[in-house]
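# Survey of secondary and tertiary structure
Residue strings, one per chain:
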Amino acid sequence: MVLRIAVQSKGRLFEETMELLQEAGIKLNNIKRTLLIPAKDFPVEILFLRDDDIPQAVATGVADIGVVGENEFVEKNENADIVKRLGFSKCRLSLAIPKDEDYQDIKWFEGKKIATSYPFILKKYLKKQNINSEIHIITGSVEISPSIGLSDAIFDIVSSGGTLVSNRLKEVEVVMRSEALLIAAKNLSREKKDILDELIFRIEAVQNAEGKKYVLLNAPEDKLNEIFDILPGMRSPTVTPLATKGWCSVQSVVEDKRFWEVINKLKGLGAEGILVLPIEKMIL
């Protein structure tokens with residue numbers, strides 16, 4: 001029994017998905033110019049598709065599960081289940097207008113022509129806002145539409161915003177935020193659900209370790225309570241007595257964003273021999 005995973009064939013989502021699968025212990029042979037690839041040591045095979053084809057492929061059973069941007073999943077409105085939010089390939093779907101336009105509120109779009117590759121999401125949003133606009137469906141290079149007179153505004157993906165700036169556009173309304181999703185076909189067999197559960201377990205082990213460091217240090221026993229206040233660990237720090245009386249070895253986990261703040265506090269409490277190690281996987 002093999003679980004088939006639909007994955008975007010190129011782009012940022014492809015790269016981040018491949019990296020996650022590799023870190024989860026799923027090894028693939030050479031993927032160049034190949035549509036379907038079996039994994040070496042895990043019962044899955046990878047099917048490479050266009051991003052906008054993945055929701056339908058999963059919904060119709062061509063693939064059992066898929067990794068797809070939330071923007072495409074919502075736009076296609078296919079009958080599949082979201083089984084996990086993956087937290088990467090984040091972006092937003094926004095309305096943007098020419099830079100020099102005076103914008104006060106959503107009423108600006110009344111009667112305007114909007115170019116987009118996401119008509120379903122846009123139509124639903126405009127209806128909720130009671131705005132009547134003309135939606136012009138276009139694929140690729142949506143951002144040039146206002147400059148060539150094809151539309152008054154655009155509705156498109158925004159990541160850094162650099163593409164908007166280079167086309168003299170400004171973002172005025174964020175309609176939805178998007179990230180990579182793991183979606184699954186309905187009514188998977190018990191065997192395939194078991195493989196999916198193991199895959200999710202591995203993914204979560206990788207994600208739990210992201211942004212964290214393993215810290216080992218020597219500390220005076222009379223400072224342990226103060227150290228515990230800044231080094232909580234996953235449950236609590238691990239403490240081992242040292243041969244030197246009055247000293248202990250302390251092991252814990254620190255988040256990257258607090259790392260230097262925590263290290264400086266530990267040094268202030270007399271901690272010595274601080275050793276910092278990367279964490280590849282973390283099982284909670």
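Refer to the structure above for everything that follows.
So, here is what we can say about the structure in this document. Remember, it's a predicted structure, so these values are computed and weren't measured experimentally. (Residues numbered from 1 in each chain as written. Predicted model: local features only at pLDDT ≥ 70, side-chain atom pairs only at ≥ 80, totals over all residues. Heavy atoms only, no water.)

## Some points on helix H1 (residues 12-23)
Rule in force here: Where helices and strands are cited, they refer to DSSP runs of H or I of at least four residues and of E of at least two residues respectively, numbered from the N terminus. Under the convention used throughout, the expected extent of a helix is 1.5 Å for every residue step, that is, one less than its residue count. Residue exposure (1.4 Å probe, protein chains only): buried if accessible area is under 20% of the type maximum, exposed if over 50%, otherwise partly exposed. Relevant arc is that of directions from the helix axis to the C-beta atoms, nothing else. Throughout, a residue-residue contact means that at least one pair of heavy atoms, one from each residue, lies within 4.5 Å.
Counted at 1.5 Å a residue, the expected span for H1 with its 12 residues is 16 Å, and the 17 Å between its end C-alpha atoms agrees. If you check which residues of H1 are buried, you get Leu 13, Phe 14, Thr 17, Met 18, Leu 20 and Leu 21. An end-on view of H1 places all buried positions within 160 degrees of arc, on one side of the element. Residues of H1 that are exposed and point over 90 degrees away from its buried face: Glu 15 and Gln 22. On its buried face, H1 is in contact with strand E1 (3-8), strand E3 (44-49), strand E4 (65-69), strand E11 (180-184) and helix H6 (190-209). Directly beyond the C-terminal end of H1, a positive phi value near 85 degrees is found at Gly 25.

## Quick notes on the pairing of strand E9 (residues 153-158)
Stated formally: If DSSP finds at least two bridges between two strands, the strands pair.
Across the 6 residues that make up E9, a large majority, 5, are buried. Relative to E9, strand E6 (residues 91-98) runs antiparallel, the two sharing 5 bridges. Residue pairing in the sheet places Leu 95 in a bridge with Phe 155 of E9. Bridge analysis of strand E7 (residues 113-116) against E9 gives 3 bridges, and the strand direction is parallel. The residue of E9 that forms the bridge with Ile 114 is Ala 153.

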